[in-house]
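The primary structure of each chain is shown beneath.
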Amino acid sequence: MRAEKQKVLFEDDWNPIKAPPELPPILLVVVDAEEEFDWSAPFSRDQRSVRSMAAQGPMHRIFEKFGIRPTYVVDYPVASQRDGLEPLRDLLKDDACLIGTQLHPWVNPPFDEEVSERNSFPGNLPPDLERAKLEALTRAIEDGLGLTPRIYKAGRYGLGPRTFRTLADLGYCIDLSAVPGADLRVHHGPDFRRVEPQPYWIGPPGRLLELPLTRGYVGLLSGQGPGLEGALESPVAQACRIPGVLSRLGLIDRIILTPEGVPPAQHMALVRAMIRRGQRIFMLSYHSPSLVPGNTPYVRTRRDLDVFMDRVEGFCERFFGELGGTAGDPLSVRDLLKRHAGLARDEQPNRAPAVRPAARQCSSSG
């Protein structure tokens, strides 16, 4: 099974895209719109509250200041309850966001699997069950928001051997699930060590676009190549806490572009290093429950929330000011990369004017 997963996920199907060197840095914002649950407890079907969705407004005032239209990747508890839908409807009325899907299998019907850590990665489920859950989630968003999502993110980054085929069959054109360099096998997840922090066409150019999480290394040893970085991701290195030791020595440090536990200075160090390596597309991401103190390990108090918000605003000020960056979203980036490759743009869909960006369809022709 592991050999099949490696072949399907990380070999012939992944075609790297080199961004045009003249392209200014582009910032995407992706919010994991999900239920509040205890991150330290076992997975449970019972934790379904999404009251934190009503607290997203203050962050949107920061986004509006910089012309950012975030993408909410919505899971089933958000898509199936009024507390989750109403805040999103308000944002869609103002054309203030895009909508995608995020599959948390343990709270997404049909409930035909045992709740476990292994089954929390949707790609580990039998392909027919993974597909049935994604179909149910897609329908819930269509019914609740009046649009068809075309952007997907696997819960816990859990891509599987048949995920891409299922996405293509269901009309999705963008995936946001890959974590560059990460090895999640110790938790029963995928091995992403061969994935670089750059866009990929999955299969034929112009069809399914992979936009990985912005994650990379900085420091004196960070230019040694994927071999060293892959070794640092190994279970042995993690158990011996070698990455932490090297980080404290200033030799190499792994950074994710997120306000959750990462300050703006590290954000900028990562982005500058990646720009020098030719990267132009960056994704800032966080979880919607972090906007209410007490829901996630990153925001326990009101003071933590103030720091969290300041991190986002501070990074945006430097990204757009010092780096001359521009705001984008997954669909506009896909159009840009298709245009750069000389591919036809996606057809414009029939859609309700109030939700036209989020409801954009993906052309089946390349």
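The sections below set out a description of the structure shown in this document. Along each chain, residue indices are assigned from 1 in the same order as the chain's sequence is written. With pLDDT at 70 or above as the cut-off, local features in this predicted model cover only qualifying residues; side-chain atom pairs require 80 or more to be listed or tallied, and sums for whole chains, interfaces and linings still use all residues. Water and hydrogen atoms play no part in the side-chain values, which are based on all heavy atoms of the structure.

This part is about the packing of aromatic side chains. Planes of paired rings set the category: under 30 degrees apart is stacked, over 60 is edge-to-face and the rest tilted, where pairs are Phe, Tyr or Trp rings (Trp by its six-membered ring) whose centres lie within 6.5 Å. In total, this model carries twelve aromatic pairs according to the counting rule given. Judged by centre distance (5.0 Å) and plane angle (80°), the rings of W14 and Y200 are edge-to-face. Taken together, the residues W14 in strand β1 (residues 14-16) and Y200 in strand β7 (residues 200-202) connect sequence positions 186 residues apart. In this structure, W14 and Y200 share a single accessibility class: buried. Aromatic side chains F282 and F319 sit 6.1 Å apart centroid to centroid with 75° between the ring planes, which places their arrangement in the edge-to-face category. Highlighted residues: F282 in strand β11 (residues 281-287) and F319 in helix α11 (residues 302-321), separated in sequence by 37 residues. Each helix corresponds to a stretch of at least 4 residues labelled H or I by DSSP, and each strand to a stretch of at least 2 residues labelled E; elements are numbered beginning at the N terminus. Only protein chains enter the calculation, and the probe is 1.4 Å; a residue is then buried if its accessible area is under 20% of its type maximum, exposed if over 50%, and partly exposed in between.

Because the α-helix completes a turn every 3.6 residues, residues three or four places apart line up on one side. Burial analysis of helix α12 (residues 330-340) places eight of its eleven residues in the buried class, which makes it a mostly covered element. Burial in α12 covers these residues: P330, L331, V333, R334, D335, L336, L337 and K338. In the stretch just after α12, G342 is the one whose phi turns positive, near 75°.

With that settled, consider empty space enclosed by the protein. Buried and open spaces are told apart on a 1 Å grid over the protein atoms alone, a cavity being a set of points where a 1.4 Å probe fits but cannot get out and a pocket being an open set with protein on both sides within 12 Å along at least five of seven lines. Residues with an atom within 4 Å of a point are the lining residues. Grid points are joined across faces, edges and corners, and a volume is the space filled by probe spheres set on the points. Across all of its chains, the model carries three cavities of 30 Å³ or more by this definition. Considered as a void within the structure, the largest cavity measures approximately 80 Å³ in volume. What lines the largest cavity is L28, P197, Q198, P199, L211, P212, L213, T214, M274, I281, F282 and M283. For the lining of the largest cavity, the leading source of residues is β11, giving three residues.

Helix axes are fitted only over the stretch in contact, all axes being lines through C-alpha atoms; the angle between N-to-C directions runs from 0 to 180 degrees. Relative to each other, helix α10 (residues 264-276) and α11 sit at 35°, their axes nearing to 9 Å. Between α10 and α11 lies a crossing whose hand is right-handed. On α11, the residues that touch P264, A265, H267, M268 and V271 of α10 are R311, F315, R318 and F319. Of the residues contributing to the contact of α10 with α11, the split by class is six nonpolar, one polar and two charged. Take the far helix as the reference: if the near one is turned anticlockwise from it by less than a right angle, the crossing is left-handed, and if turned clockwise, right-handed. Should any heavy atoms of two residues lie within 4.5 Å, those residues are counted as being in contact. By the convention adopted, Pro, Cys, Tyr, Trp, Phe, Met, Ile, Leu, Val and Ala count as nonpolar, Lys, Arg, Asp and Glu as charged, and the other residues, Gly among them, as polar.

Our next topic: the side chain of T296. Here T296 is to be found in the loop between β11 and α11. On the basis of relative accessible area, T296 is assigned to the buried category, the value being 1%. Within polar-contact distance, the side chain of T296 engages the side chain of S290 at 2.9 Å. Beyond its immediate chain neighbours, meaning those up to four positions away, T296 contacts W39, P289 and S290. Polar contacts here mean pairs of N or O atoms no more than 3.5 Å apart (in protein, one a potential hydrogen donor and the other a potential acceptor; neighbouring residues in sequence count only if both atoms are side-chain atoms).

What follows is about the pattern of salt bridges. By convention in these notes, a salt bridge is any Lys or Arg side-chain nitrogen within 4 Å of a carboxyl oxygen on Asp or Glu. Tallied over the entire structure, the rule returns 18 salt bridges. Here R185 ties to D183 by a salt bridge, and the two come within 2.8 Å at their closest N and O atoms. Across the salt bridge formed by E322 and R272, the nearest N and O atoms sit 2.6 Å from each other. Remark: R272 occurs in helix α10 and E322 occurs in the loop between α11 and β12 (326-327); sequence separation between them is 50 residues. On the basis of relative accessibility, which here comes to 45%, the residue E322 falls in the partly exposed class.

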